[in-house]
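One letter stands for each residue in the lines below.
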Amino acid sequence: MSSALNTSLLRLRAHEGPMTSELVRRPADFGLGLPQVPARLAPTATTTSICGFCSTGCSLKIHLGPDGQALNLSPDDRYPVNLGMACPKGWESLAVLDSPDRATTPLLRNKTTGRLEPVSWPVALAAFVQNFKGIQSAHGAHSLAFLSTGQIPMEEMALLGALFKFGMDGLHCDSNTRQCMATAHVAYKQSFGFDAPPFTYADFEESDVLVFVGANPCIAHPIMWQRVMRNKRNPRIIVLDPRRTETAQCATHHLPLRPKSDLVLLYGLASRVLELGGADPDFIAAHTENFHAFRAFLADYPLSLAAAESGLPLAQLEEVAALLADRTKRVSYWWTMGVNQGHESTRTAQALINLALMTGQIGRPGTGANSITGQCNAMGSRLFGNVTSLLGGHDFSNPAHREKVSRILKIDTARIPTEKSWAYDQILDGIDRGDIRGLWVIATNPAHSWANQNRVHALRDKLDFLVVQDLYANTEMAQMADLVLPAAGTGEKEGVLINSERRLGVIRKVRRAPGQALADFAIFKLIAEAWGCGDLFRAWSSPEATFRLLRELSRGQPCDFTGVEGYDHLQREGGIQWPFPSPGNAEPQLGSYAPTSPSRERRLFADGRFFTPSRRAVFHFDAPRPAPEPPCAEYPFLLNTGRGSSAQWHTGSRTDKSAILRKLAPRAQLIEVHPADAARLGLSSGQRVRIRSRRGEAAATVAITATVQPGQVFMPMHHAEMNRLTAPVFDPHSRQPSYKACAVAISPA
Ligand code: SF4
């Protein structure tokens, strides 16, 4: 252990000490609406911090005791996102940090006993360096990989990506954003020239027609749904979903299409909109390219074909097409995982983008082709993960971009790779082949969440060394590790998250992490010192110093936020949406929408200028392909998956730690079965069944409900069983897995 590393460790531990006074504020409305607390625990101050679960990005008021530690919280009524609301996860976001399952010390697997045993940080860091450097010297620099997350602040993501690629000579890395938003990223990049969701949440309130595709915001994004409920325009709400979800039950038009008939259905609707004269020729001529080819392509997709393929009545589709074609109305398109997690997901997302473009429904209030993201910092991951894009949305293959990053970070250009990483599934294939021998997993749980989960478990034995860095020592992935590094959670560290509408918001440190757990930022800094590349990251001295570096990297990019002064500025303004360039930096690339002040709700493309070289949006399309795994005699049901309740988050690593959240969600893995199928199979509600797919088996409890269609079943994603069944099928453009339609068989357990 070098003295430099020891000094760093001491400094970082000291930084984990008392709360800094700068995060303490006293709002005028202090105390309003707070739960009652004993007088000796009465809050003495309040700060705000962004919720660390979903991409909505709600702000929470954190009420602090005399020692600056969080006592409790309430939703922030002045924040433009949540307007004083929070879902159950947000209310319980401090409680989940108190779990006895927290990792409080590094754990190293004892080779003799096979057990994970507590060790000191110096021992853990030495094990990390010795094992990973040993693998690299035996198998080459690219024999290491990391799998990361959309759950940590962008400063931590950037430091991780920079450390791994510029400091450790690694190349292959990905994050669980691949499971969630890779499709939207690729679709926007191809169509708009940059990964740029154009909307603001005010659009939920300002639309006349809202089209939700593969989205169930009532459950998955409940605060966004509250924004829809505030819409005073008597909106038509159209939901395309095979299930009669909670959102579909609130819709004016529910289209329960056959699973994976979405692409042909959207082409059919576009074709009919054209016939009805719904296209906007002026917008198309001035702001798009490739429309004529798209129009010719649509000739093969009449609405009658869409009706036949989707199983929907032609009259219902006619009614919907007429709504989409009415250019006196504001129409907005919204999608999430039902689109992103499909075998042709990028073209499906672009079919929605095409509809918005051809009708000129973009850049105005209540319009847009709008991807709702999943994780709290999926958007930060897309810009600063250093995975498929070089830091700041730059390209690894572009010499000018590499030179810019090198200059700002004062890192030799030769250290910046010229190619992007393998995607998640390709990294797993690399492990299978023996090309990847060491894996570092940060704040994610692929042993539960990856499609065809059994393969992840089988690949464990092919790794020479597995490091898992997480809040909890008992996740499925942590239990498989050789080394566990204990991490601080949201509320125990600082940084910036970017929400679905491009809003940068600050998370604040309002409590100490337990035991020896450290902020991921601090862990990455320690690893840099232990690895011997700490000098590269001297300027990355704190999360906010790193924020200033990232701000400079954004200069001149569509996401330019050089006008943001720092964390206090973001907190003062109620978050700031990008772009927000510094005065005088609104160069032509940013177009006329570049703001000079952070108005609270802003959308992109008001001037019809996109980020492609031609400044025009591009129509992309391909012929639909058959679903990869149709039902058959042996596997007669189609399995759909998704979120189960607003009290659960992903693999339950955090939400299962709250007694209140556990009460609000089913504890058993459920499988929803249509009453006709249940009668045919002789199943009753509450009965245990065995579900088989070509990949594996799972057990579940039957819930009989007509919200699923005959021949289809639904399983929530929060229990480990589900992904034993799902198929390793990937969209060719985004390499996002298709979790939504695999063939299964059901029998009594
Ligand atoms: S909607 Fe999302 S961001 Fe808001 S409180 Fe719930 S989990 Fe947190």
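Keep in mind that this is a model prediction, so the values were computed, not measured.

Some points on the side chain of His-253
Then step 1. By the element assignment, His-253 lies in strand E10 (residues 253-255).
Then step 2. Within the local environment of His-253, its side chain forms a polar contact with the side chain of Thr-252, the two groups lying 2.9 Å apart.

Examining the domain arrangement of the chain
When the parts of a complex come together, some accessible area is lost, and that lost area is often taken as the interface size.
Then step 1. When the domains of the chain are assigned, the result is domain 1 (3-98), domain 2 (107-178 + 377-565 + 575-589), domain 3 (182-372) and domain 4 (637-748).
Then step 2. Inter-centroid distance (C-alpha atoms) of domain 2 to domain 3 is 34 Å.
Then step 3. Each side of the interface is counted separately: domain 2 has 19 residues, and domain 3 has 15 residues.
Then step 4. Interface area for domain 2 against domain 3, summed over the two sides, is near 1200 Å², with a carbon-plus-sulfur share of 50%.
Then step 5. Three residues, Arg-382, Ser-500 and Glu-501, lead the burial of domain 2 against domain 3; their summed loss comes to 45% of the area buried on that side.
Then step 6. At the boundary of domain 2 and domain 3, one finds two salt bridges.
Then step 7. Note that Asp-395 and Lys-189 form a salt bridge whose closest N and O atoms lie 3.4 Å from each other.
Then step 8. Along the contact surface separating domain 2 from domain 3 lie eight residue pairs in polar contact (both at pLDDT 80 or more).

Let's talk about the pairing of strand E8 (residues 209-213)
Then step 1. With respect to burial, E8 is a largely interior element, five of its five residues being buried.
Then step 2. Pairing of E8 with strand E9 (residues 236-240) involves five bridges; the strand directions are parallel. Within E9, the residue paired with Leu-210 across the bridge is Ile-237.
Then step 3. By the bridge criterion, five bridges tie E8 to strand E12 (residues 331-335) in an arrangement that is parallel. Looking across to E12, one finds that Phe-212 is bridged to Trp-334.

Considerations on the site of the ligand
Then step 1. The environment of the ligand is made up of Cys-51, Phe-53, Cys-54, Thr-56, Gly-57, Cys-58, Cys-87, Lys-89, Gly-90 and Ile-223.
Then step 2. Residues of the shell around the ligand, tallied by class, amount to six nonpolar, three polar and one charged.

Quick look at the packing of aromatic side chains
Then step 1. This structure, assessed with the given rule, holds 37 aromatic pairs.
Then step 2. Measuring from ring centre to ring centre gives 6.5 Å for Phe-146 and Trp-440, while their planes differ by 75°; the resulting arrangement is edge-to-face. On the criterion of sequence distance, the pair formed by Phe-146 in strand E6 (residues 144-148) and Trp-440 in strand E14 (residues 438-442) is long-range, its members being 294 residues apart.
Then step 3. Since its relative accessible area comes to 0%, Trp-440 is described here as buried.

Brief notes about unusual backbone geometry
Then step 1. Cis rather than trans, the peptide bond between Trp-578 and Pro-579 has omega equal to 5°.
Then step 2. Residue position: Pro-579 is located in the loop between strand E19 (576-577) and strand E20 (617-618).
Then step 3. With a phi close to 60°, Asn-386 is a non-glycine residue in the positive phi region.
Then step 4. Tracing the sequence through the fold places Asn-386 in the loop between helix H17 (378-384) and helix H18 (399-409).
Then step 5. You will see that Arg-735, though not glycine, has its phi angle at about 55°, which is positive.
Then step 6. As for its position among the elements, Arg-735 is in the loop between strand E25 (712-716) and strand E26 (742-748).

What counts and what doesn't
Each chain carries its own residue numbering, running from 1 in the direction its sequence is written. Owing to the predicted nature of the model, reporting of local features is limited to residues with pLDDT of at least 70; listing and counting of side-chain atom pairs is limited to 80 or more, with chain, interface and lining totals taken over all residues. Excluding hydrogens and water, the side-chain values take into account all heavy atoms of the structure. By the criteria applied, helices consist of DSSP H or I runs no shorter than four residues and strands consist of E runs no shorter than two, each listed in order from the N terminus. Nitrogen and oxygen atoms within 3.5 Å of one another constitute a polar contact, given that in protein one can donate a hydrogen and the other can accept it, and given that sequence-neighbouring residues count only through two side-chain atoms. An automatic or database domain assignment supplies the residue ranges for each domain. By the convention used here, residues are in contact when the closest approach between their heavy atoms is within 4.5 Å. Note on terms: buried area is the combined drop in 1.4 Å-probe accessible area of two parts once they are placed together, counting the loss on both. What counts as a salt bridge is simple: a side-chain nitrogen of Lys or Arg found within 4 Å of a carboxyl oxygen of Asp or Glu. Working definition: with a 1.4 Å probe on protein chains only, accessible area under 20% of the residue-type maximum means buried, over 50% means exposed, and in between means partly exposed. At least two DSSP bridges between two strands are required for those strands to pair. What makes a residue near a molecule or strand is one non-hydrogen atom of that residue sitting within 4 Å of it. Polar here means any residue other than Ala, Val, Leu, Ile, Met, Phe, Trp, Tyr, Cys and Pro, which are nonpolar, and Asp, Glu, Lys and Arg, which are charged; Gly is therefore polar. Only rings of Phe, Tyr and Trp enter the pairing, Trp through its six-membered ring, and a pair is recorded when the two centres are within 6.5 Å. The plane angle decides the type: under 30 degrees is stacked, over 60 is edge-to-face, the rest tilted.

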